[in-house]
Amino acid sequence: QVQLVESGGGLVQAGGSMRLSCAASGRTFSNYAMGWFRQGPGKEREFVAAISWSGGSSNYADSVQGRFTTSRDNAKNTLYLQMNSLKPEDTAVYYCAATVRPMAHLFTRMAAEYWGQGTQVTVSS
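Residues numbered from 1 in each chain as written. Predicted model: local features only at pLDDT ≥ 70, side-chain atom pairs only at ≥ 80, totals over all residues. Heavy atoms only, no water.

**Description of the pairing of strand β4 (residues 33-39)**
No. 1: With respect to burial, β4 is a largely interior element, six of its seven residues being buried.
No. 2: Direction of pairing for β4 relative to strand β9 (residues 92-99): antiparallel, over a ladder of seven bridges. Looking at the pairing, Trp36 lines up with Cys96 of β9.
No. 3: In terms of strand pairing, β4 meets strand β5 (residues 46-51) through five bridges, oriented antiparallel. Bridge pairing in β5 places Trp36 opposite Ala49.
No. 4: Between β4 and β5, which pair antiparallel and follow one another directly, the connecting turn spans six residues, one of which, Gly42, has a positive phi of 70°. (Buried < 20%, exposed > 50% of the residue type's maximum accessible area, 1.4 Å probe, protein only. Helix = DSSP H or I, 4+ residues; strand = E, 2+ residues; numbered from the N terminus. Pairing = 2+ DSSP bridges.)

The following block contains the structure:
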């Protein structure tokens, strides 16, 4: 089992920045590819970003490419999502997820074995 806990959400003005964290516990963090997903009001859950177990590869949704950066610190068992130039349409509950499968599984299958409880991000216009 892997437990994931997101933090860092809140309210920010459009154009601002925010950093989310996802603390992992349980099994060896570096064994898992990690990802971020979000679900906005009245919308389906969508893929945001993914990062390989080593941190050497990453992938982003077109809607956040160039604005968001995901990273991980395997020594601290923590995943990060740096969000810049935020827009009102980025408003959503953000979830981190972990999979033992290759990173691509996160954005091709929209699936993971473990999920956090989510953190709310609200971007005001």
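Having seen it, we continue.
**Details of the environment of Thr70**
No. 1: Its location among the elements puts Thr70 in strand β7 (residues 68-73).
No. 2: Spatially, the C-alpha atoms of Thr70 and Gln13 are 21 Å apart, while their sequence positions differ by 57 residues.
No. 3: With residues near it in sequence (within four places) discarded, Thr70 still touches Trp36, Ala49, Ala50, Ile51, Ser58, Tyr60, Leu79, Tyr80 and Leu81.
No. 4: A distance of 3.3 Å separates the side chain of Thr70 from the side chain of Trp36, its partner in a polar contact. (Contact = heavy atoms within 4.5 Å. Polar contact = N/O pair within 3.5 Å; in protein donor to acceptor, adjacent residues only side chain to side chain.)

**Focus on the nonpolar core**
No. 1: Membership of the largest hydrophobic core comes to 37 residues, with the highest contact counts inside it found for Leu4, Met34, Leu81, Met83 and Tyr94.
No. 2: For this core, the elements supplying multiple residues, two or more each, are β1 (2-7), β3 (18-26), β4, β5, β8 (78-83), β9 and β11 (119-124). (Core = buried A, V, L, I, M, F, W, Y, C linked by side-chain atoms within 4.5 Å.)

**Description of the packing of aromatic side chains**
No. 1: Enumeration over the complete set of coordinates arrives at four aromatic pairs.
No. 2: The interplanar angle of 75° and the centroid separation of 6.0 Å between the aromatic rings of Tyr32 and Tyr114 together place this pair among those described as edge-to-face. Linking Tyr32 in the loop between β3 and β4 with Tyr114 in strand β10 (residues 114-115), this pair joins segments that are 82 residues apart in sequence. Across the pair, Tyr114 and Tyr32 agree in class, each one buried.
No. 3: Here the aromatic rings of Phe47 and Phe107 are separated by 5.3 Å at their centres, their planes lie at 50°, and the arrangement is tilted. (Phe/Tyr/Trp six-rings, centres within 6.5 Å; stacked < 30°, edge-to-face > 60°.)

**Re the state of the cysteines**
No. 1: Counted under the stated rule, the structure contains one disulfide.
No. 2: The disulfide partner of Cys22 is Cys96, and the S-S distance across this bridge is 2.0 Å. The sign of the S-S torsion, about 55°, decides the handedness of the disulfide formed by Cys22 and Cys96: right-handed. Of the two residues, Cys22 is situated in strand β3 and Cys96 in strand β9; the sequence distance between them amounts to 74 residues. The same class applies to Cys22 and to Cys96, which are both buried. (Disulfide = S-S within 2.5 Å.)

**Examining unusual backbone geometry**
No. 1: Positive phi values are uncommon outside glycine, yet Asn77 reaches one of about 55°.
No. 2: Positionally, Asn77 belongs in the loop between β7 and β8.

**A few points about the pattern of salt bridges**
No. 1: Evaluation of the coordinates by the stated rule reveals four salt bridges.
No. 2: The shortest N-O distance in the salt bridge between Glu46 and Arg38 comes to 2.5 Å. (Salt bridge = Lys/Arg side-chain N within 4 Å of Asp/Glu carboxyl O.)

**Points about the sheet that holds β7**
No. 1: Taken in spatial order, the four strands make up an open sheet running β1-β3-β8-β7, and their pairing is antiparallel. Only two strands of the sheet have a single neighbouring strand rather than two, namely β1 and β7. The sheet shows a mean angle of 15° between the axes of neighbouring strands, taken without regard to direction.
No. 2: Pairing analysis gives six bridges linking β7 to β8, with the strands arranged antiparallel. The residue of β8 that forms the bridge with Phe68 is Met83. (Axes fitted to C-alpha atoms, helices over the stretch in contact; angles between N-to-C directions.)

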